[in-house]
Amino acid sequence: MKVSTKVAIVQRRLRRERNLLFELKELAKAAGYDVVLELEQVRKPDSRYQIGYGKAKELAELVKEKDIEKVIFFNELKPVQIHNLSKLLGVDVIDRITLILEIFARRAGSKEAKLQIELAMLKKQLSYLKEQLHLAKLGELPGYLGGGEYIIDSYREHVARRITKIKRELEKIRARKNIYWRRRSLAEVPTIVLTGYTGAGKTTLFEALTGEKGYVDGKPFATLSTTSRRITIKGKTLIVSDTIGFIDSLPPILVEAFYTTLAEIAYSDLVLLVVDISEPCGEIKRKVQASLEALRHVGVFEDNIIAVLNKIDLVNNGLEEKIEIVKEYVDEFVLVSAKERNGLEILYDKIYAKTRKYQHLQLMINMNLLKKIWKILRKTKILSFQISDSTAILKIEIERSDLKNLFYQLRELDGDIKIKPINTSVKVRA
Ligand SMILES: Nc1nc2c(ncn2[C@@H]2O[C@H](COP(=O)(O)OP(=O)(O)OP(=O)(O)O)[C@@H](O)[C@H]2O)c(=O)[nH]1
Ligand SMILES: [Mg+2]
């Protein structure tokens, strides 16, 4: 039997910040670690050790005493802090970002996901190497005497080259995907996307909606890449997608890794925000806030969101208060149990009503094509018209069934025209 690595988890926080060690513990477990020590310190960050020096020495003692093999910090660590901490503690030290990347790396299936994760890891390493180089130059890095700088620098160059190469490969994959999404989101079939905090029950709901088996294991980030299926609700065909979960204060390096998922969400017609309503009020609020922040970041309009309050089978009391919390952020909600397949009929009704017959588009057109455009848009409702430099920016509303024809005509113009679907706050007109 493989014995898992014993780790300590540490969070330094200000008084007004929350203790999130319990979430870090779940992440550590998901990465296969055995958490044997939890340490918290309330103070300002220390530039050398993140926690105070005294606390760091205390930690060093505990690491020895408990045979701890790795220490995981909640706080993002600077290279110099990693360097100092590993020296003092005598074991590997990583932060939450690296931990999440480790989880992703264990589970990444697609080539794109693998590249995204490698890119994020290399970027982190690059900043670490820069710092090491700096220390080596100052002669503060034992073990690198004479030629140390050279060794580090040549490795740094290798990492930088690899980063460039991966970026290029990712661009290719994304360009291909972008075309695919554009085509799909502009097609007549409306798209729905399941979003929400990790563990909210997105995949379980996806299973309930599609009858398709997904990967559910109750650990954070069970789902890493998007899966889409066609479904029929009351005779209307829709495409529903399951996506990667959100997490609190997602570091920028990971936001980049999430890019594809987020783009997919931005292009969808309806966003279902799945919320685990069985959790305590404070947790519900924190997770709804974190999820909405991510959704806002990609430009999803609030009116396009339905909150799906899931795991209702586990709620015995306090339901009203919990609903009130969610309603502060999202107007529309449905109560369901994805696991027991309860409340789905009402969800179907809402989905049916909310998936629009109309699509809003933004057209960016070179001025010299304007005359021809008016002709094509004769029967189209124009929502706004703006001019910037030599480009006209038009927002239009069009029936989905007319989309194909419009694209055909625009293509015939053979000019510089950019088309982007936009999510809108327009309610359904049946
Ligand atoms: N009791 C109960 N448990 C549920 C329900 N829906 C999901 N779960 C459980 O919650 C856990 C997480 O469910 P998932 O469907 O994997 O959640 P997810 O949102 O896809 O999670 P990530 O893929 O990690 O983002 C699993 O253990 C599910 O069995 C529900 O309605 N009731
Ligand atoms: Mg999932």
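Since the structure is predicted, the reported quantities are computational estimates derived from the model, not experimental observations.

### Details of the packing of aromatic side chains
Here comes step 1: Evaluated as defined, the whole model comprises 3 aromatic pairs.
Here comes step 2: Pairing Phe104 with Phe221 gives two aromatic rings, centres 5.0 Å apart and planes at 85 degrees, and the pair type is edge-to-face. With Phe104 in helix H4 (residues 96-107) and Phe221 in the loop between helix H7 (202-210) and strand E6 (227-233), this pair connects stretches of sequence that are 117 residues apart.
Here comes step 3: Relative accessible area serves as the criterion here: at 1%, Phe221 is assigned to the buried category.

### With respect to the site of ligand 1
Here comes step 1: Lining the immediate surroundings of ligand 1 are 22 residues, of which Thr198, Lys202, Thr204, Thr223 and Asp313 lie closest.
Here comes step 2: In the environment of ligand 1, an oxygen atom lies 2.9 Å from a nitrogen or oxygen atom belonging to the backbone of Gly201.
Here comes step 3: Note that an oxygen atom of ligand 1 is positioned 2.7 Å from one of the side-chain N or O atoms of Lys202.
Here comes step 4: In isolation ligand 1 offers 650 Å² of accessible surface; the protein chains occlude 89% of this area.

### Here we look at the confidence of the model for the protein chain
If pLDDT is low for a region, its predicted coordinates should not be looked at in detail.
Here comes step 1: The predicted model of the protein chain averages 86 in pLDDT, with 88% of residues at 70 or higher.
Here comes step 2: Predicted confidence for residues 424-430 stays below pLDDT 50, and this span has 14 contacts to residues more than four positions away or in other chains.

### Some thoughts on unusual backbone geometry
Here comes step 1: A positive phi angle, close to 55 degrees, is found at Arg341, a residue other than glycine.
Here comes step 2: Here Arg341 is to be found in the loop between strand E10 (332-335) and helix H12 (344-354).
Here comes step 3: According to the relative accessible area criterion, Arg341 is partly exposed, its value standing at 41%.
Here comes step 4: Positive phi is not limited to glycine here, since Asp389 has a value of about 55 degrees.

### Details of the layout of surface pockets
Here comes step 1: One number sums up the size of the largest pocket: a volume of about 750 Å³.
Here comes step 2: For the lining of the largest pocket, the secondary structure elements donating two or more residues are helix H1 (21-30), H7, strand E8 (270-276) and helix H10 (281-297).
Here comes step 3: The leading source of residues in the lining of the largest pocket is H10, at 5 residues.
Here comes step 4: The residue makeup of the lining of the largest pocket, split by class, is 18 nonpolar, 11 polar and 12 charged.
Here comes step 5: Residue-level mapping places the lining of the largest pocket at the junction of two domains, with at least three residues from each of domain 1 (6-104) and domain 3 (188-354).

Rules and cut-offs
- Residues numbered from 1 in each chain as written.
- Chains lettered and ligands numbered in written order.
- Predicted model: local features only at pLDDT ≥ 70, side-chain atom pairs only at ≥ 80, totals over all residues.
- Heavy atoms only, no water.
- Phe/Tyr/Trp six-rings, centres within 6.5 Å; stacked < 30°, edge-to-face > 60°.
- Helix = DSSP H or I, 4+ residues; strand = E, 2+ residues; numbered from the N terminus.
- Buried < 20%, exposed > 50% of the residue type's maximum accessible area, 1.4 Å probe, protein only.
- Near = heavy atom within 4 Å.
- Polar contact = N/O pair within 3.5 Å; in protein donor to acceptor, adjacent residues only side chain to side chain.
- Areas by Shrake-Rupley, 256 points an atom, 1.4 Å probe, with all protein chains shown as cover.
- pLDDT = per-residue confidence, 0-100.
- Contact = heavy atoms within 4.5 Å.
- 1 Å grid on protein atoms, 1.4 Å probe; cavity = no way out; pocket = protein on both sides within 12 Å on 5 of 7 lines; lining within 4 Å.
- Points joined across faces, edges and corners; volume = space filled by probe spheres on them.
- Nonpolar A, V, L, I, M, F, W, Y, C, P; charged D, E, K, R; others polar.
- Domains from an automatic or database assignment.

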